Each structure stands twice: as structure tokens, then as C-alpha cells.
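These are the residues of each chain, in order.
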Amino acid sequence: MNISIIGAGRIGLALGAVLADKGHFVLFTDRDSQKLKDLSRGKISFYEPGLKSFLRQNKSRLKWTEDSQEIISSKMIFLTLNLPIKPNGDFDLSGIKDWTHRIIRQTQREKILILKSTVPPGTNRMLQFLAKKAGAPLQVVSCPEFLRQGQALYDIQNPYRSVIAGPSPKINKKVARIYKNFSASPIIFASPETAEIGKLAANSFLALKISFVNLMANLTEYFDTNGEELRRILGSDPRIGHQFLQSGLGFGGSCLPKDLRHLTFQGRRHGISMRLLKEVDALNRQRSEHFFQQIKQRHKNLRNKTYALWGLSFKPGTEDIRLSPSVFLAQKLLETGAHLKIFDPLLKTESSTPLSSILGKKGVKAQITFHKNPLSSLNSAHGLIVGTNWKGLGKIPLKEIKTRLKTPFIVDGRGVFNVKELKKKGFTVYQSGLFRFPN
Ligand code: UDX
């Protein structure tokens with residue numbers, strides 16, 4: 001089948017690559033024509049494991065085009081635009097509306113428009129209304145995307161669930177056919193509003209879970225507790241589950257914070273108190289400040305201090321530093337005059353990293369150096385800070401870390417190290433949820 005994808009971003013590209021792999025012919029468009037040119041040459045502007053080779057393997061079934069007529073000629077059109085969020089928490093729907101109007105104008109035969117972007121509840125109905133009003137045979141179906149960055153290809157092919165919310169069972173069935181070669185996860189047929197709210201609620205719930213464990217971590221610092229044991233006590237109850245119980249620097253990225261803000265906006269709009277979600281956000285914001293204070297308490301004047309910082313991205317498996325808690329912590333350190341020796345496996349050089357977004361208000365370029373391997377970043381540093389739980393960091397020999405550091409001080413913002421081991425080896429360590437007075 002010919003399938004079009006509007007928005008060649010993280011979701012659109014991963015989805016298109018998988019669909020092409022399943023044998024469909026996929027047409028991509030994007031408002032950024034340079035991006036399309038780059039993509040046609042195999043160049044992707046972000047990192048997603050396996051995506052580049054997947055696109056290369058399926059090259060013969062992919063087309064990159066700026067011709068909107070060609071895009072609209074497909075019977076199935078996916079909208080995968082990343083909607084900007086306004087200062088009040090509402091989404092900017094102009095991109096989606098603009099494309100829908102274009103499709104409506106050129107649609108004579110039945111077409112299905114599949115909304116993958118995260119949108120406010122009511123968006124599907126609004127677009128469907130526009131089509132109806134114009135007499136266009138366009139059917140709008142909501143299929144929110146739940147993929148995780150860094151695992152996008154796997155998640156698309158093995159979703160926990162697929163949600164399909166169209167105007168009729170007949171249309172839903174047509175869309176469900178696309179998923180027939182995917183792993184046998186449940187397909188949930190829902191009303192469009194349920195699908196729209198469902199996506200926002202799922203991400204907000206994940207955020208809530210993280211802020212809850214971080215709140216517990218704040219408290220357990222006053223008792224002689226062990227984070228790992230606490231996680232097991234909670235997670236062993238299937239009603240709670242083991243995942244998303246890692247306390248630390250908190251959540252970042254483009255989805256959790258954004259969806260939380262949007263649901264809060266919806267509550268405000270409808271007179272529903274969203275104090276719970278506001279608190280989730282507030283607790284999350286406090287995390288980087290909390291870690292910063294631990295470093296300050298220990299080292300007092302940070303002006304002449306240098307720290308190795310492992311990981312800048314908001315989570316492992318991505319180079320994405322949007323709302324990354326590690327970056328917030330880095331900014332606080334730089335603002336007080338500390339120096340940072342940064343190691344991140346995907347952000348190895350200054351040119352691969354938008355420095356302006358790391359420096360913060362008062363940081364200066366000279367305070368940062370980038371390192372291609374974690375060990376070299378440690379040399380003569382006053383301590384090591386873990387900002388992202390990149391695989392393998394916790395396996396680096398402690399002996400090696402200790403000999404390189406000026407002082408054996410570790411602030412583990414992601415729980416990658418075994419604290420007992422660290423203490424045995426003579427490190428002073430701060431880890432989330434751990435007894436507040438190190439050593
Ligand atoms: C999220 C949702 O998981 C996904 O279903 C949705 O489609 C998009 O948003 P993503 O933004 O890729 O995916 O990140 P996710 O893996 O959810 O992690 C979000 C943040 O939470 C990261 O900063 C991560 O470090 C943090 N986190 C996660 C914790 O602090 N503790 C945990 O236990 C788990």
C-alpha cells in the first residue's frame with residue numbers, strides 16, 4: 001500500500017521505516033526541505049539506534065518529497081508532526097490544521113488521516129468536522145504513539161498496546177490491518193477523545209510514578225535506607241510494578257514534561273484542580289537543585305572546582321538534551337563557577353552539542369571541556385557526577401576511577417553504582433534516597 005507520512009521527525013521516520021520494512025511504499029514530507037534532502041542522502045539529524053540502517057535497507061520503498069499533491073494521493077496519511085507547546089500549556093495546532101485543510105481541498109476519493117501526534121482531546125472531532133463541513137470524504141483516526149526514544153523501532157513493532165480511534169468500526173478495521181504484521185499486543189478500539197486523553201494520561205502517570213519515588217527518596221534520606229531494597233519492596237507488588245521506580249535526577253525529554261503541562265492546562269480550562277500534576281512537575285524541577293545542594297554542602301565554594309559529568313542527555317540511548325535534568329544540574333554548577341569535564345557517548349565534541357543550551361545564564365564556554373571517553377574526563381577532577389544512566393558506566397572499575405580523581409567523591413544522579421562497593425573502596429558518595437550523611 002502507498003502510505004504518506006507528514007513530519008519526518010523522530011516518530012515519523014521510525015514509523016515509516018517499519019512500515020517500509022513490512023512492504024509498504026512510504027512517502028515522506030516535512031516543512032524543512034533541507035531535512036528532506038539530507039534524508040534522501042541517508043543523513044538523519046538525530047540519533048535513534050538502528051534507524052539509519054533500517055532506512056537504508058528499505059530505501060527502495062521510501063520517497064522524500066515536497067510535493068503535497070503526491071503526499072495527499074495516498075489513501076492513508078499519517079500525521080506525525082511534533083506540536084509545539086504554548087506558554088499557557090496548550091498545543092499549537094496550526095501545523096495540523098494547515099495540513100488537514102490542504103488534504104480536504106484535494107480529496108475526492110475516500111482517505112484516512114491517522115493522527116499519531118500527541119494532541120489535545122477534541123482535535124480528532126474538530127478535524128473530522130472540518131472535513132464534513134467541506135464535504136470531503138476524509139476519515140480521521142486517532143492512533144497515539146507510545147514509542148520511547150532510544151527504543152523506537154522495537155516499540156513500534158512490539159507495542160504494549162495499539163490504540164485505534166476512528167469514526168466507525170469499518171474504518172478502524174482498515175487501520176488495524178496495518179498492525180497485522182506487528183507483535184500480538186492488544187489493539188484497543190476507543191473513542192477519539194479517549195485515545196487523545198489516554199496518551200496524555202499515560203505519560204503523566206509515568207511522570208507521577210517517578211516524582212513519587214523521588215519524593216520517597218527525599219524522605220528516606222533521613223533514615224538508613226537502601227534505594228534498591230525499597231524499589232524491590234514496591235515493585236514486587238504487580239499492582240505497582242518494577243518499572244519507573246528509579247529515583248534520581250528526575251525526568252526530562254520532550255514528552256513527559258510536555259504532556260503533564262498540557263493536562264494541567266486542560267484542568268485549568270475546565271475548572272478541575274490539577275494540584276497533583278503541578279506537584280509532580282514541581283518535585284521534578286527540585287531534583288537537579290537538590291543534587292546541586294548536596295555537592296555544595298560537601299565542597300562549599302565551587303568556583304575552583306572541576307567535576308567530571310557523565311551523561312548529558314535526558315536518558316540513555318539518545319543525544320536529546322531537551323529538558324534534561326543533567327543539563328539543569330550542569331547549568332547550576334557552571335553558574336557558580338565550577339568547571340565541567342563532560343563525557344556523553346553521543347555528545348563527544350563541542351560541535352555535536354548546542355553549547356548555548358548547556359551554559360545557562362552565567363556559564364562561560366571556557367568552563368566546559370568534552371571528553372571522548374569516561375576515564376579521561378576524570379583526571380584531576382574533584383568528583384564525578386552521573387547525569388545519565390548510560391549502559392556500562394556502573395561497570396567501570398572503581399579503582400581506575402579513584403586513581404584518576406583528585407578526591408574520591410561521587411554524586412550518582414541515576415543510581416548506576418553500588419553504594420556499598422563505593423563506600424568499601426573509600427569513596428564519599430551521594431546517591432538519591434540514600435542516608436543523607438555520606439560516610
Ligand atoms: C516517554 C514514554 O515512555 C513513551 O511511552 C511516550 O511515547 C513518549 O514519552 P521518552 O520520552 O522516550 O518516552 O522517555 P522515557 O523512557 O519515558 O523516560 C523519561 C524520563 O524519565 C527520562 O529522563 C528518564 O531518565 C526518567 N526516568 C525513567 C526516571 O527518572 N526514573 C525511572 O524509573 C524511569
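All values derive from a computational prediction rather than experimental measurement.

Which parts of the structure should I look at to understand the sheet that holds strand β2 (residues 25-29)?
Two orientations exist for strands paired in a sheet by backbone hydrogen bonds: parallel and antiparallel. On the basis of which strands lie adjacent, the open sheet formed by six strands has the order β3-β2-β1-β4-β5-β6 and parallel pairing. Looking along the sheet, the strands with just one partner apiece sit at the ends: β3 (62-64) and β6 (138-142). On average, adjacent strands in this sheet sit at an angle of 20 degrees to one another, irrespective of strand direction.

Looking at this model, I keep getting lost on the packing of aromatic side chains. Mind explaining?
Geometrically, a pair of aromatic rings is defined through the distance of the ring centres and the angle of the planes. One pass over the full model with this rule turns up three aromatic pairs. Between Phe28 and Trp64 the ring centres are 4.5 Å apart and the planes differ by 15 degrees, which places this aromatic pair in the stacked class. Highlighted residues: Phe28 in strand β2 and Trp64 in strand β3, separated in sequence by 36 residues. Relative accessible area serves as the criterion here: at 0%, Phe28 is assigned to the buried category. Measuring from centroid to centroid gives 6.5 Å for Trp310 and Phe417, while their planes differ by 40 degrees, and the two rings are tilted.

When you look at the site of the ligand in this model, what are you seeing that I'm missing?
Close contacts around the ligand come from 20 residues, with Phe146, Leu147, Gln149, Gln246 and Phe314 the closest. Measuring from an oxygen atom of the ligand, one finds a backbone N or O atom of Leu245 at 3.2 Å. Calculation on the ligand without its partners gives an accessible area of 670 Å², and the protein chains cover 90% of this total. By residue number, the principal contributor to the shell around the ligand is helix α9 (residues 192-220), which donates four residues. Taken together, the residues of the shell around the ligand sort by class into ten nonpolar, five polar and five charged.

How should I be thinking about the pairing of strand β14 (residues 428-431) in this particular structure?
For a regular strand, the rule is simple: side chains alternate between the two faces of the sheet. Side chains Thr428 and Tyr430 project from β14 onto one buried face, and the interleaved Val429 and Gln431 project onto a second face that is buried too. Of the pairings in the sheet, the one linking strand β13 (residues 409-412) to β14 comprises four bridges and is parallel in character. Across the sheet, residue Asp412 finds its bridge partner in β14, namely Gln431. After leaving β13, the chain enters helix α16 (residues 419-424) and then returns to the sheet as β14, a path that is right-handed.

How do you make sense of the packing of helix α5 (residues 94-105) against helix α6 (residues 123-133) when you look at a structure like this?
Each pair of packed helices can be described by the angle between their axes along with the distance between the axes. Where α5 contacts α6, the axes come no closer than 10 Å and their chain directions differ by 30 degrees. Relative to α6, the element α5 lies roughly parallel. As α5 runs across α6, the sense of the crossing is right-handed. Each of Ile96, Lys97, Thr100, His101 and Ile104 in α5 lies in contact with α6, whose residues at this interface are Met126, Leu127, Leu130 and Ala131. Looking at the contact of α5 with α6, its residues break down into six nonpolar, two polar and one charged.

Would you take a moment to explain the side chain of His24 for this structure?
Mapping His24 onto the fold places it in the loop between α1 (10-21) and β2. Those residues within four positions of His24 in sequence are excluded, and the remaining contacts are Met1, Ile3, Leu19 and Arg61.

Criteria and cut-off values
- Residues numbered from 1 in each chain as written.
- Predicted model: local features only at pLDDT ≥ 70, side-chain atom pairs only at ≥ 80, totals over all residues.
- Heavy atoms only, no water.
- Pairing = 2+ DSSP bridges.
- Helix = DSSP H or I, 4+ residues; strand = E, 2+ residues; numbered from the N terminus.
- Axes fitted to C-alpha atoms, helices over the stretch in contact; angles between N-to-C directions.
- Phe/Tyr/Trp six-rings, centres within 6.5 Å; stacked < 30°, edge-to-face > 60°.
- Buried < 20%, exposed > 50% of the residue type's maximum accessible area, 1.4 Å probe, protein only.
- Near = heavy atom within 4 Å.
- Polar contact = N/O pair within 3.5 Å; in protein donor to acceptor, adjacent residues only side chain to side chain.
- Areas by Shrake-Rupley, 256 points an atom, 1.4 Å probe, with all protein chains shown as cover.
- Nonpolar A, V, L, I, M, F, W, Y, C, P; charged D, E, K, R; others polar.
- Right-handed = clockwise from strand over helix to strand, strands pointing away.
- Parallel < 35°, antiparallel > 145°, perpendicular 65-115°, else oblique.
- Left-handed = near helix turned anticlockwise from the far one by under 90°.
- Contact = heavy atoms within 4.5 Å.

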